Amino acid sequence: MTAYLRGFLGCLVLALAITSHASELIVKVGEEKPLKLTAEDLELLPHQTVKAKDHGGLEAEWTGVPLYQVLQQAGLRLGDSLRGSALAQYVLVTAADGYRTVFAPPEFDPRCTDDPVILADAVNGQSLDTAQGSFRIVLPKERRHFRWVRQVVKIDVLSAR
Ligand SMILES: Nc1nc2c(c(=O)[nH]1)N[C@H]1C(S)=C(S)[C@@H](COP(=O)(O)O)O[C@H]1N2
Ligand SMILES: [Mo]
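Calculation criteria
- Residues numbered from 1 in each chain as written.
- Chains lettered and ligands numbered in written order.
- Predicted model: local features only at pLDDT ≥ 70, side-chain atom pairs only at ≥ 80, totals over all residues.
- Heavy atoms only, no water.
- Helix = DSSP H or I, 4+ residues; strand = E, 2+ residues; numbered from the N terminus.
- Contact = heavy atoms within 4.5 Å.
- Salt bridge = Lys/Arg side-chain N within 4 Å of Asp/Glu carboxyl O.
- Buried < 20%, exposed > 50% of the residue type's maximum accessible area, 1.4 Å probe, protein only.
- Near = heavy atom within 4 Å.
- Polar contact = N/O pair within 3.5 Å; in protein donor to acceptor, adjacent residues only side chain to side chain.
- Areas by Shrake-Rupley, 256 points an atom, 1.4 Å probe, with all protein chains shown as cover.
- Pairing = 2+ DSSP bridges.
- Lys, Arg positive; Asp, Glu negative; His and termini not counted.

The chain goes by Oxidoreductase molybdopterin binding domain-containing protein in an unreviewed UniProt entry, where it is assigned to Prosthecobacter debontii.

The structure is reproduced here in C-alpha cells:
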C-alpha cells in the first residue's frame, strides 16, 4: 500500500514537472536576452477575446495576448522603429512537434494592421487542452489554418541577410 502510494505520488510529481516544463515559452528577439514565459506569466498580461472559426468551421471565442505585446516585451521594436533594415526581420514560431511557420512584424504591428494575431491560452472560456498546448497562435482573419500553430514553445525574431 505504501509502495503503491509512493509510486502514485512519484508519477504525480513527474506529470506536474512535465506539464510545467511544456508550458514554458521562450521568446528570443535577435541578440536580446531570451524572455521565458510560463502560462502563469501570460495570464498576467492584458487579454483580448476574438471570434474565429476553427479548422472544422465551428465558431469559437479565443482568448489570449496579442502577439506583438509579447514580442515587444522581449525587445522587438515596432511602430516608428519598424523601417529600413528592421523590415528584413522575420518571426519564426516553433511548436513542440517541430512544426514551424514564419510571420513578418508588419503582419501584427497595430500601426500597420487591425487584423489581430493572438497568442491564445483559452478557448470558449476554458484553458487549452494538451493537443492545443499551453499557447496557440490564432489568426481570425486568415482563411487557411496552417499558421494557427498549436503547442508553441519558441518564438525567434531573426533577420534575413
Ligand atoms: N504544432 C502544430 N500546429 C499546427 C499544425 C501541426 O501540424 N502542428 N498543423 C496546422 C494546420 S495545417 C492546420 S489546418 C491546423 C489544424 O488545426 P486543428 O488541429 O485545431 O484542427 O493546425 C495548424 N497548426
Ligand atoms: Mo492544414
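Having seen the structure, we can now continue with the description.
Q: Residues and numbers for the side chain of H145, please.
A: Locating H145 in the fold gives a position in the loop between strand 9 (136–138) and strand 10 (152–159). Sequence-distant contacts of H145, that is, excluding residues within four places in its chain, are made with K53, D54 and H55.

Q: I'd like a description of the pattern of salt bridges, backed by residues and values.
A: For the structure on display, the rule yields five salt bridges. Note that R111 is salt-bridged to D80, the shortest N-O span being 2.9 Å. A residue pair is termed long-range when its members are at least 10 positions apart, and R111 in the loop between strand 6 (100–103) and strand 7 (118–123) and D80 in the loop between helix 3 (67–73) and strand 5 (89–95) qualify at 31 residues. For the pair formed by R111 and D80, the shared burial category is exposed. R147 serves as the salt-bridge partner of E107, at 2.7 Å between the closest nitrogen and oxygen. Of the two residues, E107 sits in the loop between strand 6 and strand 7 while R147 sits in the loop between strand 9 and strand 10, which places them 40 residues apart along the sequence. What makes R147 buried here is its relative accessible area of 13%.

Q: Now, about the site of ligand 1: what can you tell me, with residues and values included?
A: Taken together, the neighbourhood of ligand 1 is formed by H55, A95, D97, Y99, R136, H145, F146, W148, V149 and R150. Between ligand 1 and the protein, one listed contact pairs a nitrogen atom with a side-chain N or O atom of D97 at 2.8 Å. The contact in question runs from an oxygen atom of ligand 1 to an N or O atom on the side chain of R136, over 2.9 Å. The protein chains hide 72% of the 540 Å² of surface that ligand 1 would expose on its own.

Q: Describe in detail the pairing of strand 3 (residues 48–53), supporting the description with residues and values.
A: Sheet analysis places strand 3 next to strand 4 (residues 59–66), joined by six bridges and oriented antiparallel. If you follow K53 over to strand 4, its bridge partner there is E59. Connecting strand 3 to the antiparallel partner strand 4 that follows it, the hairpin turn spans five residues, and G57 within it adopts a positive phi of roughly 90 degrees.

Q: How would you summarise the side chain of R136 if you had to cite specific residues and measurements?
A: Counting through the fold element by element, R136 comes out in strand 9. For the buried residue R136, which engages in no salt bridge, the nearest side chain bearing the opposite charge is D54, 7.4 Å off. Among the polar contacts made by the side chain of R136, one reaches the main-chain carbonyl oxygen of W148 at a distance of 2.9 Å. Excluding anything up to four places from it in sequence, R136 contacts W62, I118, L119, A120, L128, W148, V149, R150 and V152.

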